[in-house]
Amino acid sequence: MTDLHAPANTETPDAPTPALTSEPGSSPAPAPAEAGPRRRVRIDHLRRVIVEARQHTAYRFTVRHSAYLTGGARVLSRRAWDSRTTARHERMMRIAEAGGNEELVQKWEQRAYAFRFARHRRRVELLQMAINAPKAIATASAAGAGTLLLLGCMLAAATDDLNDVLTPLNTVVSFVGWVAFIGGIVWEPMLYSLPLLALAGVWAVGRNRKTAPSWALPADTGELDVLPDENAIMRALGKLSIPQLNAAIKEGWTPRWVQPTTRLGNGYHTQLQLPMGVTVEMVNAKKNVLAHNLMRKPVETWPTEPPNMPGVLDLWVADQGSLNGVVPPWPLLTEGVTDYFKGVPVAVSQRGEPIIGKLMAANWIVGGIMGSGKTSIVVALLLGAILDPLVIAEVYVMATNVDYDPLKPRLRTLVKGDDPEQLRAALDALRALSNEVTERGKLLEDLGGESTKLTRELALKDPRMRPKVVVFDECHELFMSKDYGKEASELAIRVMKKARKVGITLIWVTVSPTADSIPRDVTRNTSHRVAFAVGDQVANDGLLGSGKYKAGIRATELVPGQDVGTAVTYGFTSKPFEIIRSHYVARDPEKGIDEVTPVVERALKAYENDDGVWEVPGTQPVDHLADVAAVLGDELRMLVQEVLHRLAERTPGAYRDWGPTDLKKALEPYGAEQYKSAGRMVISRDRVHEAILTRLAEDTGDEGGDEI
């Protein structure tokens, strides 16, 4: 029965389309207008089927675990290929070449050469072993049989039974038979289980690397990856809600890792080329979200842009809670002296490396809110300075502060208070320094020439050229004074511009680092800037420099009362910034703790004799050959970097700043300099010992030549 309500020419979507006929030589007949809508209906229907299939639990389970197997096999195959060939080396060379790092390219070339050489040697050894195997087996069998017969003869002689001659041999045969019996029982189950164990291992690798398609993976449980590898970083960046970045990811952007994620100190470091339209500033604007996505605090996450690599995201992520650990004790707490011209230890970096505070040709500005740890780093710096008997130290505190009182016996001047009298004393000190830098410049010209900087030798020649460290704490009180502020600003800038060559170091400490409290030219001419926890962007840039907050270098992310002693710094290393944790030399009279006074007493012993006369202890010459021989010990050869590291640990004052070139210059005159072995630069113990013996023979010959 026909439905009277149905249209006359209605076709179902599944109805076959009638063939369109045309005569030979004629143009094809146009398709009906209904063909387009029917095709779209079929495509939409197919998409719905695929989506429904993907959402089906059994289908997703099958695809996921199948992808784990294939992906795991691919990962293991690549690992095996990398371990047997130089594919990894070639890959790292391409990455380093893309980043323009020629030194790293050369290092990986050397590693590839060493790998090929070692592989060739192993293959030759295996070939030689295969040639020698029959002879070795025959020899071992004959020796074993002879040993067993000898034992049998000894046993037969002891028991007076000739049958015991073969007892050891029979025992070995029985043991081999038992091993074969047990092996026959275990062999078949093991043979069947090995493929299953291999599949389980491949599946585990694929599951760990998440080689399945994203739609087939289990639903996200909300757990974030603690390890900031490439996958975790890409997931974290994809959740920053940056439209340009989201569009690039949606369009299939393939990230280019300029520097793969590697372990660096107490954290992880990576460099990533950002897509077009995305800047590092955009990522910094979402830094709090990025830190959350990486399961870190904002102060533990540092995205910056390298100076010579525009468009590259340089990301360093600290270990969780790395700022909460105990800072190592100050290295000079119980022993040791310092050298003003080489710097003093004041802190450790967030990666755990020692931070040396430079004094010669350096000026400091230290700022932060009250209780953030400003005084701790200044006291460590001052204690290190006064352990050099050449240094003259002065402190002017424009507040009532007892932090510097234990240092008073070794200070030439200590002024405390914010009354006009104390402010005037600080201003007079700046006036005297202004005149002194001019006089020192003339003396320096007479002692060593126009372009010469002050050195320790020149300072020893003339007491008027002794290094000087001057601290102005709470300096905003001086610069904001209506009576003295303008003149103090002009004098401070004048002294700072001239003091770097003549051995005068100025240290400015403030709780209010703004343009009104600290003249901008003072900040611009400061080489070492230390920002503890500050309240806002103005204070941040007032300490670290203009634009630092926008570039992601922010002390505002330090939490007052929690990140005490932690600071963001500029000028300490070649990096754009450095996170440091200052050493704390404790002094708490209520608890009976005083680590400052013993250091001051040690400094006084080197500074004065029993009559109170200033004197400088003599310095012993450094024997580089003997020091290198000592650190080599029983090692026949040692890498150059390892030798330098051990020398710096043994005698930091002499070798802290040494590099491979310095070591070569010291050993080359004796013929004991470094040479290349297996693609790496090493120092030979035999060469060093031979050089010492040759030098000793020459010295003995010279002494004998003077005799009559």
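Residues numbered from 1 in each chain as written. Predicted model: local features only at pLDDT ≥ 70, side-chain atom pairs only at ≥ 80, totals over all residues. Heavy atoms only, no water.

Chemist: Even after reading the chapter, I still don't get the overall build of the chain, so can you show me in this structure?
Modeler: When helices and strands are counted, the chain shows 22 helices and 19 strands. Out of the 708 residues belonging to the chain, those deemed buried represent 39%. Looking at the chain alone, contacts between residues at least 24 apart form 65% of all its contacts between residues at least 6 apart. For the chain, the computed accessible surface area is about 41000 Å², with 56% contributed by carbon and sulfur atoms. (Helix = DSSP H or I, 4+ residues; strand = E, 2+ residues; numbered from the N terminus. Buried < 20%, exposed > 50% of the residue type's maximum accessible area, 1.4 Å probe, protein only. Contact = heavy atoms within 4.5 Å. Areas by Shrake-Rupley, 256 points an atom, 1.4 Å probe, with all protein chains shown as cover.)

Chemist: How do you make sense of the UniProt feature "transmembrane region" (unreviewed entry) in the chain when you look at a structure like this?
Modeler: Under the UniProt annotation, "transmembrane region" (unreviewed entry) lies at residues 136–158. Span residues 136–158 is 100% helix and 0% strand, its end C-alpha atoms 33 Å apart. (UniProt positions renumbered as here; feature names shortened; annotations may be inferred.)

Chemist: Explain the packing of aromatic side chains to me, please; I cannot follow it from the model alone.
Modeler: Aromatic rings in a pair are described by how distant their centres are and how their planes are angled relative to each other. Tallied over the full model, the rule gives seven aromatic pairs. Taking 5.3 Å as the distance between ring centres and 50° as the angle between the ring planes, the aromatic pair formed by Phe479 and Trp508 counts as tilted. Of the two residues, Phe479 is situated in helix α13 (residues 476–479) and Trp508 in strand β11 (residues 504–510); the sequence distance between them amounts to 29 residues. Residue Phe479 shares its accessibility class with Trp508, and that shared class is buried. Taken together, the ring pairs in this structure connect Tyr396, Phe472, Phe479 and Trp508 into an aromatic cluster. Above the ring of Tyr670, the side-chain terminus of Arg695 is found at 5.8 Å from the ring centroid. (Phe/Tyr/Trp six-rings, centres within 6.5 Å; stacked < 30°, edge-to-face > 60°. Lys NZ or Arg CZ within 6 Å of the ring centre and 35° of its normal.)

Chemist: How should helix α6 (residues 230–238) be read in this particular structure?
Modeler: Three or four residues apart is the spacing at which side chains of an α-helix point the same way, because the helix has 3.6 residues per turn. Taken together, the buried positions of α6 are Ala232, Ile233, Met234, Ala236 and Leu237. Those residues of α6 that are buried are in contact with α7 (243–250), β1 (256–263), β2 (267–273), α8 (280–285), α9 (287–293) and β4 (312–318).

Chemist: Teacher, can you tell me more about a negative patch on the surface here?
Modeler: There is a patch of like negative charges on the surface, built from Asp418, Asp419, Glu421 and Glu477. Turning to its location among the elements, Glu421 is positioned in helix α11 (residues 420–448). Overall, the relative accessible area of 56% leaves Glu421 in the exposed class. (Patch = residues over 30% accessible without salt bridge, like charges linked within 9 Å, V, L, I, M, F, W, Y side chains within 5 Å. Salt bridge = Lys/Arg side-chain N within 4 Å of Asp/Glu carboxyl O. Lys, Arg positive; Asp, Glu negative; His and termini not counted. Charge placed at Lys NZ, Arg CZ, Asp CG, Glu CD.)

Chemist: Looking at this model, I keep getting lost on the pairing of strand β12 (residues 528–531). Mind explaining?
Modeler: Neither face of β12 is open: one carries His528 and Val530, the other Arg529 and Ala531, and all of them are buried. Pairing between strand β7 (residues 364–367) and β12: four bridges, direction parallel. Paired with Ile365 across the two strands is Arg529, which belongs to β12. Of the pairings in the sheet, the one linking β12 to strand β13 (residues 566–570) comprises three bridges and is antiparallel in character. (Pairing = 2+ DSSP bridges.)

Chemist: Is there a simple way to think about unusual backbone geometry in this case?
Modeler: Trans peptide bonds make up most of the peptide bonds, and negative phi angles are found at most residues other than glycine. The phi torsion at Ser241 lies on the positive side, around 60°, for a residue other than glycine. By the element assignment, Ser241 lies in the loop between α6 and α7. Of the residues examined, Ser241 reaches a relative accessible area of 53% and is grouped as exposed. At Met295, a residue that is not glycine, the phi angle is positive and equals roughly 60°. By the secondary structure assignment, Met295 is in the loop between α9 and β3 (301–304). Met295 sits in the partly exposed class, given a relative accessible area of 31%.

Chemist: Teacher, can you tell me more about the packing of helix α4 (residues 102–159) against helix α5 (residues 167–209) here?
Modeler: The axes of two packed helices give the description: the angle between them and the distance between them. Put simply, α4 and α5 touch, their axes get as near as 7 Å, and they point 130° apart. Relative to α5, the element α4 is oriented oblique. Every residue of α5 that contacts α4 at Leu148, Leu151, Gly152 and Leu155 is listed here: Thr167, Pro168, Leu169 and Val172. Residue composition of the contact of α4 with α5, by class: six nonpolar, two polar and no charged. (Axes fitted to C-alpha atoms, helices over the stretch in contact; angles between N-to-C directions. Parallel < 35°, antiparallel > 145°, perpendicular 65-115°, else oblique. Nonpolar A, V, L, I, M, F, W, Y, C, P; charged D, E, K, R; others polar.)

Chemist: Just to check I follow, could you spell out the confidence of the model for the chain for this structure?
Modeler: The predicted structure's coordinates, where accompanied by low pLDDT, should not be read in detail. Averaged over the chain, the pLDDT score is 81; the fraction of residues at 70 or greater is 85%. Confidence scores differ between elements of the chain, with helix α1 (residues 35–55) showing the lowest mean pLDDT of 62 and strand β10 (residues 468–473) the highest of 95. Overall, residues 609–620 carries pLDDT values under 50, and its contacts beyond four positions in sequence, including any with other chains, amount to 15 contacts. Below pLDDT 50 for its whole length, residues 703–708 participates in zero contacts with residues either more than four positions away or in separate chains. (pLDDT = per-residue confidence, 0-100.)

Chemist: Explain the nonpolar core here, please?
Modeler: Where a protein is soluble and globular, its nonpolar side chains tend to be buried together. Membership of the largest hydrophobic core comes to 98 residues, with the highest contact counts inside it found for Trp364, Leu383, Phe472 and Trp508. Mapping this core onto the domain boundaries places at least three of its residues in each of domain 2 (230–318) and domain 3 (344–598). Aside from chain neighbours lying at most four places away, what touches Leu383 is Trp330, Leu407, Val585, Val596, Val599 and Val600. In terms of nonpolar packing, the next biggest core, distinct from the first, is built from 20 residues, Met234, Leu240, Leu274 and Val278 among them. (Core = buried A, V, L, I, M, F, W, Y, C linked by side-chain atoms within 4.5 Å. Domains from an automatic or database assignment.)

Chemist: Teacher, can you tell me more about the pattern of salt bridges here?
Modeler: If the charged atoms of two oppositely charged side chains come close together, the side chains can form a pair. Scanning the entire structure with this criterion turns up 19 salt bridges. In this structure, Glu436 engages Arg440 in a salt bridge whose closest nitrogen and oxygen atoms are separated by 3.0 Å. One end of the pair, Glu436, and the other, Arg440, are both in helix α11, four residues apart, so they sit about a helical turn from each other. Each member of the pair, Glu436 as well as Arg440, is classed as buried. For the salt bridge of Arg524 with Asp521, the shortest nitrogen-to-oxygen distance reads 2.7 Å.

Chemist: Where do I start with helix α18 (residues 624–632) in this structure?
Modeler: Looking at α18, one finds that the buried residues are Leu625, Asp627, Val628, Ala629, Val631 and Leu632. With its phi angle positive at about 60°, Gly633 sits one or two positions after the end of α18.

Chemist: Explain the sheet that holds β2 here, please?
Modeler: One key point about sheets: their strands pair by backbone hydrogen bonds, in either a parallel or an antiparallel sense. Overall, antiparallel pairing links the four strands, which are arranged β1-β2-β4-β3 in an open sheet. Lying at the two open borders of the sheet, with one neighbouring strand each, are β1 and β3. Each adjacent strand pair in this sheet contributes to an overall mean axis angle of 10°, direction not counted. Alignment of β1 against β2, held across five bridges, turns out to be antiparallel. Paired with Gln259 across the two strands is Gln271, which belongs to β2.

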